[in-house]
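# Architecture at a glance
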Amino acid sequence: MNARLRLVADRTAPTGTPPTATDPPHGEALHEEPGPGAARCLGLYAKLAAGVTVVTARGEDGPLGMTVSAVTSLSARPPMLLACLRDGSRTLAAVRARRVFAVHLLREEQQELAGRFASPVTTAAERFAGTDIRQVLGVPVLAGALAWSVCLTEDVRRYGDHHLVVGRVAAVHVGGGRPLLWHDRRFGALTDPVPDAAG
């Protein structure tokens, strides 16, 4: 993500505390600060370790999907996930239109798959070529993922050059193995033993 970070001031003063003459109205001075450049922010983002996922959806002409590293759990009751999808992507458009999508947590040996779904020059057909898929709630689900969930779209909001997509988990599968990680612009893997789990 290359969205610029901005500071947001608290817009409410404690009850009974009148603003002073030096207080900028509604934190306007903070909003005018240019903040750090995009390159410095991208350097910060690169240090965030994350699991690598592929988000898929059903488009008008067939399955669509993209690699996403910004996915996190949001709620257990009800079960909800949050994914950040790039503005203008066909996958995002399908998620908004069909209101359902799948999130796949990749295994450490699925680097090639992650790269294929991240390539800007790879077509949708090429991304899914040679990969076993099945339909769950009308969404293409990739075989062999460490875990996957199919989510019903609850909310989509734009922030900078990405959209936050909130999904309610409607179906889930958890397998065993090690996750594929992304850190400092490189793929990585856990070094400690990971017990197999099934669900």
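Presented here is a report on the structure given in the accompanying data block.

## Quick look at the sheet that holds strand S3 (residues 62–68)
Taken in spatial order, the seven strands line up as S3-S2-S6-S9-S10-S5-S4 in an open sheet, and their pairing is antiparallel. Single-partner strands in this sheet number two, and they are S3 and strand S4 (71–76). Along the sheet, successive strands turn relative to each other by an average axial angle of 35°, direction set aside. Packed on one face of the sheet, helix H4 (residues 111–118) meets strand S2 (53–59) and S3 and runs near 110° to S3.

## Quick notes on the pattern of salt bridges
Enumeration over the complete set of coordinates arrives at five salt bridges. The salt bridge partner of arginine 168 is glutamate 154, with a shortest N-O separation of 3.0 Å. Linking arginine 168 in strand S10 (residues 162–174) with glutamate 154 in strand S9 (residues 147–159), this pair joins segments that are 14 residues apart in sequence. Judged by its relative accessible area of 33%, arginine 168 falls in the partly exposed class.

Procedures and definitions
Residues numbered from 1 in each chain as written. Predicted model: local features only at pLDDT ≥ 70, side-chain atom pairs only at ≥ 80, totals over all residues. Heavy atoms only, no water. Pairing = 2+ DSSP bridges. Helix = DSSP H or I, 4+ residues; strand = E, 2+ residues; numbered from the N terminus. Axes fitted to C-alpha atoms, helices over the stretch in contact; angles between N-to-C directions. Contact = heavy atoms within 4.5 Å. Salt bridge = Lys/Arg side-chain N within 4 Å of Asp/Glu carboxyl O. Buried < 20%, exposed > 50% of the residue type's maximum accessible area, 1.4 Å probe, protein only.

Spatial relationships are all this shows, so hold off on functional conclusions.
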